[in-house]
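# Coordinates in review
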Amino acid sequence: MSSQEKIDPRIIRTKKMFKEALVSLLQANGDQSKLTVQKLADRAELNRATFYLHYQDIEDLKEQMVTEVLEELTETIRPLFEENVDKTTPIIVSFLEHFYEHAGLFNVMLESKDFRSRLFDIIVSIISARRETRKGKGRSPQVPIEIIASSTFGIISWWIQKGMPYTPGYLAEQIDMVFRSGGHRTSAE
């Protein structure tokens, strides 16, 4: 679809209702095996036929949700990868604020292996970009990117699952300390 084409607002609203219904049912029940299209349609206050106009099945709905959420996250961090952009901008804060704004959705999405894998890849991209920026400043990386990404992923997962007890700004500071102490040799070493 070209950027010129407009999507009917009714379609956007309908899809949003199904997504919200999915998140709501998974939060309430947690058991994905008992989820049916009928329960989803009932929660969304729409009918099954409408569901099938937009999705093949519940897995298709979940896959579309994962893709959309990760595209939004990618857009949030895109400035980190652009030329001539101040790399000191706290992209991690924007990244975490996105999670904060969509807490229920992310909490449910963390159950998806595909989502976890793709989110991990985004975190690796952020850390790689940051490391490249720091290389230019003469800092020598010591800890593999995947270890820092795993730590960051674990922190974010814990934060979401515990109901986000800290603000995105505070959590970003804590993650930054992990980057600074774990990712590069300091002058004191």
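Remember, predicted model here, so these are calculated numbers, not experimental data.

Reading the values: the criteria
Residues numbered from 1 in each chain as written. Predicted model: local features only at pLDDT ≥ 70, side-chain atom pairs only at ≥ 80, totals over all residues. Heavy atoms only, no water. Helix = DSSP H or I, 4+ residues; strand = E, 2+ residues; numbered from the N terminus. Expected span 1.5 Å × (residues − 1). Buried < 20%, exposed > 50% of the residue type's maximum accessible area, 1.4 Å probe, protein only. Arc of directions from axis to C-beta. pLDDT = per-residue confidence, 0-100. Contact = heavy atoms within 4.5 Å. Polar contact = N/O pair within 3.5 Å; in protein donor to acceptor, adjacent residues only side chain to side chain. Axes fitted to C-alpha atoms, helices over the stretch in contact; angles between N-to-C directions. Parallel < 35°, antiparallel > 145°, perpendicular 65-115°, else oblique. Nonpolar A, V, L, I, M, F, W, Y, C, P; charged D, E, K, R; others polar. 1 Å grid on protein atoms, 1.4 Å probe; cavity = no way out; pocket = protein on both sides within 12 Å on 5 of 7 lines; lining within 4 Å. Points joined across faces, edges and corners; volume = space filled by probe spheres on them. Phe/Tyr/Trp six-rings, centres within 6.5 Å; stacked < 30°, edge-to-face > 60°.

### Concerning helix H8 (residues 145–161)
In a regular helix each residue adds 1.5 Å, so 17 residues correspond to 24 Å; H8 covers 24 Å between its end C-alpha atoms and thus fits that length. Listed in full, the buried residues belonging to H8 are Ile145, Ile148, Ala149, Thr152, Phe153, Ile156, Ser157, Trp159 and Ile160. For H8, the angular spread of the buried residues around the axis is 165 degrees, confining them to a single face. Remark: Gly163 follows H8 within two positions and exhibits a positive phi of approximately 80 degrees.

### Structural notes on the confidence of the model for the protein chain
Chain-level statistics for the protein chain give a pLDDT mean of 81 and a share of 80% at 70 or above. Summarising per-element confidence for the protein chain, the mean pLDDT is lowest in helix H9 (residues 168–183) (78) and highest in helix H3 (residues 48–54) (95).

### Section: the environment of Asn47
Here Asn47 shows up in the loop between helix H2 (37–44) and H3. Residues Asn47 and Val37, spaced 10 residues apart in sequence, show a C-alpha to C-alpha distance of 9.1 Å. With sequence-adjacent residues up to four places away left out, Asn47 is seen in contact with Phe18 and Ala41. Within the structure, Asn47 has its side chain in polar contact with the backbone nitrogen of Ala49 (distance 3.2 Å).

### As for the packing of helix H1 (residues 9–28) against helix H4 (residues 58–77)
Viewed as axis vectors pointing N to C, H1 and H4 meet at an angle of 100 degrees, and their least axial separation amounts to 11 Å. Of the possible angle classes, the one that applies to H1 and H4 is roughly perpendicular. Contact residues: Lys15, Phe18, Lys19, Leu22 and Val23 in H1; Ile58, Leu61, Lys62, Gln64, Met65 and Glu68 in H4. Per-class residue counts for the contact of H1 with H4 are six nonpolar, one polar and four charged.

### Considerations on the layout of surface pockets
Counted as a void, the largest pocket has a volume near 520 Å³. Along its surface, the largest pocket is lined by 18 residues, and Lys15, Lys16, Lys19, Glu68 and Glu72 are the ones closest to its centre. Broken down by element, the lining of the largest pocket gets its largest block of residues, seven residues, from H1.

### Observations concerning the packing of aromatic side chains
Under the defined criterion, the tally for this structure stands at 11 aromatic pairs. With a centroid separation of 6.2 Å and 90 degrees between ring planes, the pair formed by Phe18 and Tyr55 is classed as edge-to-face. With Phe18 in helix H1 and Tyr55 in the loop between H3 and H4, this pair connects stretches of sequence that are 37 residues apart. Exposure class is identical for Phe18 and Tyr55. Each is buried. Their ring planes at 90 degrees and their centres at 5.3 Å tell us that Phe51 and Tyr52 sit as a pair that is edge-to-face. With relative accessibility at 0%, the residue Phe51 sits in the buried group. The structure contains a cluster of three or more aromatic residues connected by ring pairs, namely Phe18, Phe51, Tyr52 and Tyr55.

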